[in-house]
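# Reading the structure
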Amino acid sequence: MCKDGSVDCRQTAQSDAKIYLHMDSGESEETQIDLVNIAGHMNKKKRLYRYAMAIALCTGILLGLIVIGVDYIVGQSTYARAVITLQYEGIENGLDPNGAAFDINKIKSPKVIEDALMSLGTTEFDSEKIRESIDIEGVVPEDAVERITVIKEMSLEDVSNYEKILDISYFPSQYIVYLRKNPGMSGKDAVKVLNAILDSYREYFMDTYANTEVLTVTGNLIDYKDYDYAEAMDMLETQMEIMQGYVSERRDQAPEFRSSGTGLSFGDISMALDTIAEIDIANLNSYIESHTLTKDVSRQREYYEYRIKKYNMDIAECQLELTNIQSVIDKYQKDPLVIVSSQESTQEIEQTNEYYDKLLQERLELSTEIASLNTKLNETYTLLNAVNGTVGQNTQGEYDYVEGKMSSVAETIAKWADLTEQTAQEYYTTTLFSNAYKIAVPAQYTAAGGFFAAVKRLVIPVAVLMFVVFGVWCVDGFFCELMKMKEDRQRNEK
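Residues numbered from 1 in each chain as written. Predicted model: local features only at pLDDT ≥ 70, side-chain atom pairs only at ≥ 80, totals over all residues. Heavy atoms only, no water.

### As for the pattern of salt bridges
A full pass over the atoms with the stated rule returns ten salt bridges. Residue arginine 202 pairs with aspartate 199 through a salt bridge whose shortest N-O separation is 3.1 Å. Here the residue arginine 202 and the residue aspartate 199 both occupy positions in helix 8 (residues 187-210), the gap between them amounting to three residues, near one helical turn. For aspartate 199, a relative accessible area of 36% translates into the label partly exposed. Between aspartate 252 and arginine 251 there is a salt bridge, with the nearest N and O atoms lying 3.7 Å from each other. Its relative accessible area of 30% is what places arginine 251 among the partly exposed residues. (Salt bridge = Lys/Arg side-chain N within 4 Å of Asp/Glu carboxyl O. Helix = DSSP H or I, 4+ residues; strand = E, 2+ residues; numbered from the N terminus. Buried < 20%, exposed > 50% of the residue type's maximum accessible area, 1.4 Å probe, protein only.)

### A few points about the nonpolar core
With 67 residues, the main nonpolar core has Leu86, Phe102, Ile130, Ile197, Phe205 and Met406 as its most contacted residues. Counting residues per element, the ones that place at least two in this core are strand 3 (79-86), helix 4 (110-120), strand 5 (174-180), helix 8, helix 10 (229-253), helix 11 (266-290), helix 14 (396-432) and strand 8 (437-446). If near-sequence neighbours (up to four positions away) are discounted, leucine 86 is found in contact with Ile91, Phe102, Ile104, Ser173, Tyr175, Phe205, Ala436 and Tyr437. Ile315, Ile329, Leu359 and Val387 belong to the second largest nonpolar core, which has 18 residues in total. (Core = buried A, V, L, I, M, F, W, Y, C linked by side-chain atoms within 4.5 Å. Contact = heavy atoms within 4.5 Å.)

### Overview of the sheet that holds strand 3
One open sheet holds the four strands; their spatial order is 4-5-3-8, and the pairing between them is antiparallel. Of all strands in the sheet, those with a lone pairing partner are strand 4 (134-138) and strand 8, marking the two edges. In this sheet, neighbouring strand axes are inclined to one another by 20° on average, regardless of whether the strands run parallel or antiparallel. (Pairing = 2+ DSSP bridges. Axes fitted to C-alpha atoms, helices over the stretch in contact; angles between N-to-C directions.)

### So, the environment of methionine 118
Topologically, methionine 118 is positioned in helix 4. Along the chain, methionine 118 and alanine 196 lie 78 residues apart, while their C-alpha atoms are 9.4 Å from each other.

Written out as structure tokens, the structure reads:
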């Protein structure tokens, strides 16, 4: 036995070192299992388990490829992806340009999808299946992320701060749009369809919030030639009033805008429309009324009688509303606000009351409306009396003159409606809504979730099977050591 601490002694001690696993088999029995021996048993079967590892590797790769293939065929992880941004006043509060709640899911509306497929000239894809395959994900604004991060840091010191996260509200202005590949749809088809849908939504967005189509719809929906002269003039006047009201709003909104396409400003258009209404339409109306021109006297009489009845009903309704409002005003009393200016005197100042002011405004509007209706009623009585007093028939020249002038006025209105629409469209697309809707990143195709997703699908089954094989190998070595220890124990007992 070495006692001098030489190198030979230290090497012998190190060679005798062992690692034991203690197992309690009873109250007084304790079994020690040498882990080095377990490793030795495992080493004896390393060739077998190397083969098993290779089989596990191949099987895992095969399973991963099967999963990727199924995903590719089904299309659940194969998609086209694009990014859109919205920039206009109100989007930060979740509102659309008109002030109502903004709904990004309008991208999936049947009209948008059908218009997109029509623009591609294809009928092989089902619009409803495409709609079901679209997913939209909002991007959280940076300020909301910063606030959430700050609150989380504060919550490390005080858990109650977590409740403040629930109070944080945010409205995305950037969205990621996904279109999962449908069966029978190639990757290029998915990209084309998604880009077409986003372009179609741009047109839908502009048509919805620019609202220029109203000008042509009212003018082209009904043919004035199917009606009597007085009725046709009422239709033309209504069309003109719609255009004048629309242009006046745009003129106040953008007084300095001038279209490069039409060369007109909204002020120019407004002056032209006023001229048409005050000269062309007024003169034509005057000629028809002074000559009592009508295609059917009895029908014209019924038309005027209906208008008289309608005006009387409207006047009665307005007068009833005016009486009710006046009753509320008479009973309503504002509370004075008393301010002490000094110890000797006080000063009373009447409070501003929005409700009371609203009542006064409604009373004024109703009075104006009643006066206007009375004027129209008196004019209609005059026209009805003229029709009833008609004795002779009008000449063909008078009819030809009126029809020619009416056709000319209608063409003039249609021309200015087209110019107004072009000018308004340019204003919305180049000025007001120039950055309202943008495709920040056009559609890009991603097969089976992309490269990293494919690697993940391969690695996971391989890792699981390799871990299982290695576990079985360790358990096998453990049981081999137990069997050897049992045999040694029985040999010693004998």
